[in-house]
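Given next are the chains, with one letter for each unit.
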Amino acid sequence: MGKYDDRLKLAVVVAREAGSYLMEVLPQKRSIEKKGIVDIVTEADRHTEKMIFDIINKAFPDDQFLAEEGTSNPGDSAFTWVVDPLDGTTNYSHRFPVFCVSVALVKDGAPLVGCVYNPNLDECFTAHKGEGAYLNDEPIQVSDNDKLIESLLATGFPYDIRESEQDNMNNFYAFYKNGAQGVRRAGSAALDLAYTACGRFDGFWEMKLKPWDIAAGILLVEEAGGKVTNFTGDPVELATGEVLSSNGNIHSVMIEVLARAAKH
Ligand code: IPD
Ligand code: CA
Ligand code: CA
């Protein structure tokens, strides 16, 4: 029995319920609102966030709540639920089936419980600090690959790519030119981390992410035996959103590639 089993069970319940709803309304709901030039929000983002909040708040009314679309509960417990009700909104709005629900429980800036649910494949990734990581209740591990040339990597690009010089293109180029077997940009950071945890990806990096994109996924990778830092190898901070995660074996070589890219 893990210390936070009751909260992990609830994380799975809310992620699955939200995921089912997303699938249900996928064909009809196409009402899209723009948050930025390309940053969008759908009715489904808002609806699922409220669904998740209502269930969690009923069970743990004192827990704090932080979520992408603004639902919050200051609460006075030491625990904060960090939730992305729909990670991969652009994919969702185009019916590209790569999106998920990400739910984490965080204390003192560290994730204790994480659930990433992909309703397209009915894949539920869970982790509990110190208790390992699971995919549909089967234990998962990161890959054991130690060669960058045999590595499948993942990344993503920030929404402000048009306005900012820090656009990740130099890193993307560097990984292709310096040896990775392939680099994917599928459009859901939470799934990129979950797929690193179960060995489908050997590594993932991205910058300017938000706590709700990464809180659950970071714990998945760590509990699956992988490594998560920022681009220079220092501890990752949820608030800064710069993430380098890997199976551990290729971590230092990924740091070298990122350092080389930063000089150009
Ligand atoms: C986005 C996805 C995407 C990543 C963006 C995120 P959203 O989240 O995780 O993969 O590249 O930086 O903002 O907006 O779909 O919830
Ligand atoms: Ca997100
Ligand atoms: Ca989102």
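Heads up: the structure comes first, above all this text.
Residues numbered from 1 in each chain as written. Chains lettered and ligands numbered in written order. Predicted model: local features only at pLDDT ≥ 70, side-chain atom pairs only at ≥ 80, totals over all residues. Heavy atoms only, no water.

Caption draft 1: Highlighting the coordination of the calcium ion (ligand 2). For the calcium ion (ligand 2), every protein donor is listed as D84 (OD), D87 (OD) and D213 (OD), and the spread of their distances is 2.1 to 2.2 Å. One chain supplies every donor for the calcium ion (ligand 2), spaced along it as D-x2-D-x125-D. Between the calcium ion (ligand 2) and the calcium ion (ligand 3), the interatomic distance is 3.7 Å, and D84 donates to each metal, bridging them. Exposure class is identical for D84 and D87. Each is buried. (Donors = N, O, S within 2.8 Å, 3.2 Å for Na, K, Ca; no water. Buried < 20%, exposed > 50% of the residue type's maximum accessible area, 1.4 Å probe, protein only.)

Caption draft 2: Structural detail: the packing of helix α5 (residues 189-197) against helix α6 (residues 211-223). Contact pair α5 / α6: the axes reach a minimum separation of 8 Å and the direction vectors enclose 0°. Regarding the angle of α5 to α6, the classification is roughly parallel. Residues A189, A190, L193, A194, T196 and A197 of α5 form the contact with α6, whose participating residues are D213, I214, G217, I218, L220 and V221. Tallied by class, the residues present in the contact of α5 with α6 amount to 9 nonpolar, 2 polar and 1 charged. (Axes fitted to C-alpha atoms, helices over the stretch in contact; angles between N-to-C directions. Helix = DSSP H or I, 4+ residues; strand = E, 2+ residues; numbered from the N terminus. Parallel < 35°, antiparallel > 145°, perpendicular 65-115°, else oblique. Contact = heavy atoms within 4.5 Å. Nonpolar A, V, L, I, M, F, W, Y, C, P; charged D, E, K, R; others polar.)

Caption draft 3: Structural context of the pattern of salt bridges. For the coordinates displayed, the defined rule picks out 5 salt bridges. Note that R16 and D122 form a salt bridge whose closest N and O atoms lie 2.9 Å from each other. Remark: D122 occurs in the loop between β7 (110-118) and β8 (123-128) and R16 occurs in helix α1 (residues 5-25); sequence separation between them is 106 residues. Overall, the relative accessible area of 31% leaves R16 in the partly exposed class. (Salt bridge = Lys/Arg side-chain N within 4 Å of Asp/Glu carboxyl O.)

Caption draft 4: Representation of the packing of aromatic side chains within the structure. Under the criterion given, the structure shown has 9 aromatic pairs. The interplanar angle of 35° and the centroid separation of 4.3 Å between the aromatic rings of F175 and W205 together place this pair among those described as tilted. Taken together, the positions of F175 in helix α4 (residues 169-177) and W205 in strand β13 (residues 203-206) put the pair 30 residues apart, joining distant regions of the chain. Note on F175: relative accessible area 0%, which makes it buried. On the numbers, 6.1 Å between centres and 50° between planes, the contact of Y195 with F201 is tilted. Of the two residues, Y195 and F201, both sit in the buried class. Aromatic ring contacts, followed pair by pair, group F125, Y195 and F201 into a single cluster. The side chain of R200 reaches across the aromatic face of Y195, ending 4.8 Å from its centre. (Phe/Tyr/Trp six-rings, centres within 6.5 Å; stacked < 30°, edge-to-face > 60°. Lys NZ or Arg CZ within 6 Å of the ring centre and 35° of its normal.)

Caption draft 5: Examining the layout of surface pockets more closely. Roughly 160 Å³ of internal volume is contained in the second largest pocket. Along the wall of the second largest pocket there are 13 residues; nearest its centre are N170, N171, F231, L258 and A262. Those elements giving two or more residues to the lining of the second largest pocket turn out to be α4 and α7 (251-262). Classifying every residue of the lining of the second largest pocket by side-chain character gives 6 nonpolar, 5 polar and 2 charged. (1 Å grid on protein atoms, 1.4 Å probe; cavity = no way out; pocket = protein on both sides within 12 Å on 5 of 7 lines; lining within 4 Å. Points joined across faces, edges and corners; volume = space filled by probe spheres on them.)

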